[in-house]
Amino acid sequence: MLASGRFGKHVAKLRTRIATRRAAAETALVEAGVQVAERNADGMFIWGRLPGLADPDALVAAAQAEHILLAKGDMFSPTGGYRDHLRFNAVHSADRRLAEFLRGYA
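In short, a report on the structure. The written sequence of each chain sets the order in which its residues are numbered from 1. Only residues with pLDDT of at least 70 get local features here, since the model is predicted, and only at 80 or more are side-chain atom pairs given and counted; chain-wide, interface and lining totals rely on the full set of residues. To obtain the side-chain values, all non-hydrogen atoms of the structure were used and water was disregarded.

### Here we look at the sheet that holds strand β2 (residues 45-49)
Piece 1. At least two DSSP bridges between two strands are required for those strands to pair. In this description a helix means any DSSP run of H or I spanning at least four residues, a strand means any run of E spanning at least two, and both kinds are numbered starting from the N terminus. An order of β1-β2-β4-β3 is seen for the four strands of this open sheet, with the pairing classed as antiparallel. Two strands in the sheet have a free side with no partner beyond their single neighbour: β1 (35-36) and β3 (71-72).
Piece 2. Two strands pair when backbone bridges link them, and β3 and strand β4 (residues 86-89) are joined in this way by two bridges, in the antiparallel orientation. Pairing of Ala71 across the sheet is with Arg87, part of β4.
Piece 3. Here, residues are in contact when the closest pair of their heavy atoms is within 4.5 Å. Here an axis means a line fitted to C-alpha atoms, over the contact stretch when the element is a helix, while the angle between two N-to-C directions is reported on a 0 to 180 degree scale. Lying on the sheet, helix α1 (residues 6-31) is in contact with β1, β2 and β4; it crosses β2 at an angle near 10 degrees.

### Some details on the pairing of β2
Piece 1. For each residue, the accessible area found with a 1.4 Å probe, counting protein chains only, is set against the maximum for its type, and the residue is called buried under 20%, exposed over 50%, and partly exposed in between. Of the two faces of β2, only the one carrying Ile46 and Gly48 is buried; Phe45, Trp47 and Arg49 on the other face are not.
Piece 2. Relative to β4, β2 runs antiparallel, the two being bridged by four bridges. Note on β4: the bridge partner recorded for Trp47 is Arg87.

### Some remarks on the pattern of salt bridges
For side chains bearing opposite charge, pairing can occur when the charged atoms are close.
Piece 1. Between Lys or Arg on one side and Asp or Glu on the other, a salt bridge is scored when a side-chain nitrogen of the former is within 4 Å of a carboxyl oxygen of the latter. In total, this model carries eight salt bridges according to the counting rule given.
Piece 2. Here Lys72 makes a salt bridge to Asp74, at a shortest N to O gap of 3.9 Å. Just as Lys72 is buried, Asp74 falls in that class too.
Piece 3. Here the salt bridges share partners, and the residues they tie into one network are Asp57, Lys72, Asp74 and Arg83.

### Some details on helix α2 (residues 56-65)
Piece 1. Residues of α2 that are buried include every one of Pro56, Leu59, Val60 and Ala63, and no others. Considered in projection along α2, the buried side chains sweep an arc of 95 degrees and stay on one side of the axis.
Piece 2. Residues of α2 that are buried in the fold lie against β3, β4 and α3 (96-103).
Piece 3. Side-chain atoms alone can form a polar contact between residues adjacent in sequence; in general such a contact is a pair of N or O atoms within 3.5 Å, and within protein one must be able to donate a hydrogen while the other accepts it. For α2, the N-terminal cap is Asp55; the gap from its side-chain oxygen to the backbone nitrogen of Asp57 is 3.2 Å.
Piece 4. Positive phi shows up at His67, right after α2, with a value of about 65 degrees. The arc in question is the one traced by the directions running from the helix axis out to the C-beta atoms.

### A closer look at the nonpolar core
Piece 1. Among the nonpolar cores identified, the biggest contains 20 residues, and Leu29, Leu70, Phe88 and Leu102 are the most heavily contacted of them.
Piece 2. Elements represented by at least two residues in this core include exactly α1, α2, β4 and α3.
Piece 3. Among the elements that make up this core, the one with the highest residue count is α3 (four residues).
Piece 4. Excluding anything up to four places from it in sequence, Phe88 contacts Leu29, Val34, Met44, Phe45, Ile46, Gly48, Leu70, Ser93, Leu98 and Leu102. What makes a nonpolar core is a set of buried Ala, Val, Leu, Ile, Met, Phe, Trp, Tyr and Cys residues whose side-chain atoms join them at distances within 4.5 Å.

Given below as structure tokens:
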């Protein structure tokens, strides 16, 4: 697989697919009122925050009740920072249900 170049082609296709989905997710999140930390960045995750969100725990609990999984930013910070941020999966965050849910909190 490595010698034939198939792996490299596979990785290139994945990068393109993730970049396409990430762009759609960033657009959907921004339209829902999320301030995205780094637009047009690379990677599987998008960091963002909802301005004025007082209680991220309540937001995460409400999302879970709607079968939406949100991850608080402080879960990924060794110092406990980024409490007002959320980490969104770039591939799944263009889902209209997430955008509709977030609009109620923006």
